[in-house]
Amino acid sequence: AAFIEQVDNGIRLGSFLCESGWLEESLHVFNITLSMIQLLQASYLRSLIELNCLQKLLCAQTAFCCFKEANITCAQALNIIDKLTQERQQELRLQRSKLEGTTRKTCSSSSSSSSGRANCCSGNSKRSFLTSSSSCALAGGDNDRLSNIPNSLLANIYQQISVLHFYRSEYDLSYRWSIRALKHINKNTPDKIIVDVLRQVAKSCVVKRQFQLASMLIKQAVCRARTSFGTNHQKYADALLDYGFFLLNVDSIANSVAVYTEAHEILCRIFGPRNLHVAVAHEDLAYCLYVLEYSSGKFDSATENVEQAIDIMKELVPSNHLMLASAKRVKALILEEIALDTMASAIDYNKCKGLLLQSEELHQSALHLSLEAFGEINVQTAKHYGNLGRLYQSMSKFEAAEQMHKRAIKIKTDILGPYDYEVGLSIGHLASLYNYHMQKHQEAEELYLKSIEISLRLFGESYSGLEYDYRGLIHIYDITGDMMRYDQYSNILEEWRLLREENQAVRNNYPAMISEDTSMEEVTRKFFEMCSNCITGSVPLSESDGSINHNLLEADGVRPECVCGNDCAGDEISEIAAAAAAAPSTVPVVVAADEILRSA
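Everything quoted here is computed from the prediction, not taken from an experiment. (Residues numbered from 1 in each chain as written. Predicted model: local features only at pLDDT ≥ 70, side-chain atom pairs only at ≥ 80, totals over all residues. Heavy atoms only, no water.)

Visitor: Looking at this model, I keep getting lost on the overall build of the chain. Mind explaining?
Guide: Check the secondary structure of the chain and you find 23 helices and 0 strands. Residue burial in the chain is summarised as follows: out of 600 residues, 55% are buried. Carbon together with sulfur atoms contributes 53% to the accessible area of the chain, which is approximately 25800 Å² in total. (Helix = DSSP H or I, 4+ residues; strand = E, 2+ residues; numbered from the N terminus. Buried < 20%, exposed > 50% of the residue type's maximum accessible area, 1.4 Å probe, protein only. Areas by Shrake-Rupley, 256 points an atom, 1.4 Å probe, with all protein chains shown as cover.)

Visitor: Could you clarify how one ought to interpret the UniProt feature "repeat: TPR" (unreviewed entry) in the chain in this entry?
Guide: Here, UniProt's "repeat: TPR" (unreviewed entry) annotation points to residues 382–415. Along residues 382–415 one finds 91% helix and 0% strand; the C-alpha atoms at either end are 10 Å apart. (UniProt positions renumbered as here; feature names shortened; annotations may be inferred.)

Visitor: Hey, could you run me through the nonpolar core in this one?
Guide: The tendency in soluble globular proteins is for nonpolar side chains to be buried as a group. Leu51, Tyr158, Leu182, Phe246, Tyr290 and Phe527 are the most contacted members of the largest nonpolar core, which totals 165 residues. In terms of residue count, the dominant contributor to this core is helix H14 (residues 322–344) (12 residues). Viewed by domain, this core spans two of them, domain 1 (1–97) and domain 2 (390–509), each represented by three or more residues. Beyond its immediate sequence surroundings of up to four residues, Phe527 is in contact with Tyr175, Ile179, Leu182, Val201, Cys205, Leu213, Met216 and Leu217. (Core = buried A, V, L, I, M, F, W, Y, C linked by side-chain atoms within 4.5 Å. Domains from an automatic or database assignment. Contact = heavy atoms within 4.5 Å.)

Visitor: Quick question: what am I supposed to make of unusual backbone geometry here?
Guide: Excluding glycine, most residues fall at negative phi; most peptide bonds, likewise, are trans. Notably, Cys65 is not glycine yet its phi reads approximately 60°, a positive angle. By secondary structure assignment, the location of Cys65 is in the loop between helix H3 (44–63) and helix H4 (67–109). Although it is not a glycine, Gln439 adopts a positive phi angle of roughly 55°. Tracing the backbone through its elements, the reader meets Gln439 in the loop between helix H18 (421–436) and helix H19 (441–459).

Visitor: How should the environment of Leu367 be read in this particular structure?
Guide: Position of Leu367 relative to the elements: it lies in helix H15 (residues 349–374). The class of Leu367 is buried, set by a relative accessible area of 8%. For Leu367 and Ala382, which are 15 residues apart along the polypeptide, the C-alpha to C-alpha distance reads 8.9 Å. If sequence neighbours within four positions are ignored, Leu367 has contacts with Thr381, His384, Tyr385 and Leu388.

Visitor: Would you take a moment to explain H3 for this structure?
Guide: Think of an α-helix as turning once every 3.6 residues; residues three or four places apart then point the same way. For H3, which comprises 20 residues, the first-to-last C-alpha distance of 29 Å matches the rise-based estimate of 28 Å (1.5 Å per residue) to within 8%. Along H3, 14 of the 20 residues are buried, which leaves the element largely enclosed by surrounding structure. (Expected span 1.5 Å × (residues − 1).)

Visitor: Can you help me understand helix H8 (residues 191–207) in this one?
Guide: Over its 17 residues, H8 runs 25 Å from end to end, which matches the ideal 24 Å to within 8%, given 1.5 Å per residue. Backbone geometry just after H8 places Arg209 at a positive phi near 65°.

Visitor: Explain the packing of helix H1 (residues 2–19) against helix H2 (residues 23–37) to me, please; I cannot follow it from the model alone.
Guide: The relative placement of two packed helices comes down to the angle between their axes together with the axis-to-axis distance. Where H1 contacts H2, the axes come no closer than 8 Å and their chain directions differ by 160°. What the angle tells us is that H1 and H2 run roughly antiparallel. H2 is crossed by H1, and the crossing has left-handed handedness. Contacts between H1 and H2 pair Phe3, Gln6, Val7, Gly10, Ile11, Leu13, Gly14, Ser15, Leu17 and Cys18 from the former with Leu23, Glu25, Ser26, Val29, Phe30, Thr33, Met36 and Ile37 from the latter. Each residue belonging to the contact of H1 with H2 can be placed in one class, and the counts come to 11 nonpolar, 6 polar and 1 charged. (Axes fitted to C-alpha atoms, helices over the stretch in contact; angles between N-to-C directions. Parallel < 35°, antiparallel > 145°, perpendicular 65-115°, else oblique. Left-handed = near helix turned anticlockwise from the far one by under 90°. Nonpolar A, V, L, I, M, F, W, Y, C, P; charged D, E, K, R; others polar.)

Visitor: Help me understand the packing of aromatic side chains, please; the structure alone is not making it clear to me.
Guide: Pairs of aromatic rings are described using the distance from one ring centre to the other and the angle between the two planes. In total, this model carries 15 aromatic pairs according to the counting rule given. Residues Tyr158 and Trp177 carry aromatic rings whose centres are separated by 5.3 Å and whose planes lie at 45° to one another, so their mutual orientation is tilted. Of the two residues, Tyr158 sits in helix H6 (residues 151–167) while Trp177 sits in helix H7 (residues 171–183), which places them 19 residues apart along the sequence. For the pair shown, Tyr158 and Trp177 are each scored as buried. Centroid distance Tyr243 to Phe246: 6.3 Å. Interplanar angle 10°. Geometry classified as stacked. One end of the pair is Tyr243 and the other is Phe246, both in helix H10 (residues 234–249) and 3 residues apart, which spans about a single turn. For Phe246, a relative accessible area of 3% translates into the label buried. Above the face of the Tyr158 ring, Arg180 is positioned so that its terminal group lies 4.9 Å from the ring centre. The aromatic ring of Tyr385 is capped on one face by Arg407, whose charged end is 4.8 Å from the ring centroid. (Phe/Tyr/Trp six-rings, centres within 6.5 Å; stacked < 30°, edge-to-face > 60°. Lys NZ or Arg CZ within 6 Å of the ring centre and 35° of its normal.)

Visitor: Help me understand the environment of Tyr44 in this model?
Guide: Residue position: Tyr44 is located in helix H3. Tyr44 sits 104 residues away from Asn148 along the chain, and the two C-alpha atoms are 9.3 Å apart. With near-sequence residues (within four places) excluded, Tyr44 lies in contact with Leu84, Asn148, Ile149 and Pro150.

Visitor: Help me out: how do you make sense of the pattern of salt bridges in this one?
Guide: Opposite charge on two side chains makes pairing possible when the charged atoms of those side chains draw close. All told, the structure shown has 28 salt bridges when counted by the stated rule. Across the pair Glu522 and Arg525 runs a salt bridge, and its minimum N-O distance is 2.5 Å. A residue pair is termed a helical-turn pair when its members lie 3 or 4 positions apart in one helix, as Glu522 and Arg525 do in helix H22 (residues 520–531) at 3 residues. Because the salt bridges share partners, they merge into one network encompassing Lys192, Asp196, Arg199, Lys203, Lys235 and Asp242. (Salt bridge = Lys/Arg side-chain N within 4 Å of Asp/Glu carboxyl O.)

Visitor: When you look at the side chain of Ser256 in this model, what are you seeing that I'm missing?
Guide: Inspection of the secondary structure puts Ser256 in helix H11 (residues 253–271). For Ser256, a relative accessible area of 0% translates into the label buried. Contact partners of Ser256, with chain neighbours within four places excluded, come to Gly244, Leu247, Leu248 and Cys288.

Set out below in structure tokens:
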């Protein structure tokens, strides 16, 4: 009992350090605690204690970008779940065999009277029902439900596995694991786990472009965090950060800045200014401000926040750490835009050149670390290629820029499909290069039209990024003398401006619908009810409140895919465990603010 108490204290200390932002220290504590658990005698209780420690270790490893170690931890947790599930299923089979034996014995000893025959038939009917129901349970997709593992622990583990895949930009896997976590939520689940699962499913829905589902879940997460923990709690700040991520992705950038700012202020009050969680909030806010001020060129606030993030991280993580590289990447994007503004105003060419070279060094460093951590075929790596493409375009290295953009498009298309938002971003960047610098107007026109098609499918007619695609086409038709299409897209651009003006007042109504609350059972029921429609593709934003129009669009020629994660990929734990174990002087170019959204 005393030894188990020491183990429990180790888990509690590691959790405290992880939640407080002392990630490296928490890893040390969890690893020591895990070695202590190995000294316990094998039992069901030991398995549960080990699972609990592993899921907390996985949380710290993922947050600290220790992905190779996290893969091992993930496989260990899934192996334990698989083992407990198989043991429980064996117990059920033995129980079923005993019941069947008792039934046969009763039938054979009964008389041949009509009442006896009736009793025997009744026994056969009972046996048949038992056998049928048990077989259905054993063959079901969620075999872990038969494992005697607490639902809250399973939900926590699956949520952490989803976070790991999300960090690695493996969005399909992240989505599926988050759905599995949600299936294990019920009225008895602790509020902390409910909030974390809702946040993660919402983020997974955002990157899958399922904005209607994401809106419902993230608002529930914020509301529950505020009700359960108050407005000066880390859990509420975490929920706000994910809400800001949602708003940024649905083109509600000013609201996103407001939410990120509030989250950052809460974290500063809790942890003080020199904390890793605070540094990450600085980085998120810096990027959002960069997007907000992209057109104005006023990057002072964005620069201040990203430099604070880098300054804090330099104290707390190694110099080659992915977290620091991420913050430097945001700084590189900001420096590039400052350089272009400097070049346009002809203030200081040498200063401009120095800023671009500094930006290139930061982007190359980030690409190198991404290749080491994720490999070539990864969305994060593709984003780095795209960032370098835009930078080389600014540096008049047009052929190099073209190669970077093409590489980004191919990787993103292979992973995400041809109609994903990320693909649209890279297509728009290549179109801009062809249009303004390489005079490949026919190729640029085709790319602009494809980018517009993707934007309309995902965001609707008032999406801010459409402006620059429309301007690009107008420029092409002006150069080529196609006045009919020039007039056509000039009118479309004017209609777009009117739509933006009509919607601006509503979009600034932060925090719209944030007070929405309902029972967890109703949230889960509604979510899976929406999923049962086998939604395909993505949906355009509603023009009223940032939610999604329920009329869903389906990509032509694309096989429908159920978004609930219940389909065909196989839900057997052993299969997923095996997969987890294997998992390893230039003119400034006019680019949409939202074309660079999430490019970092």
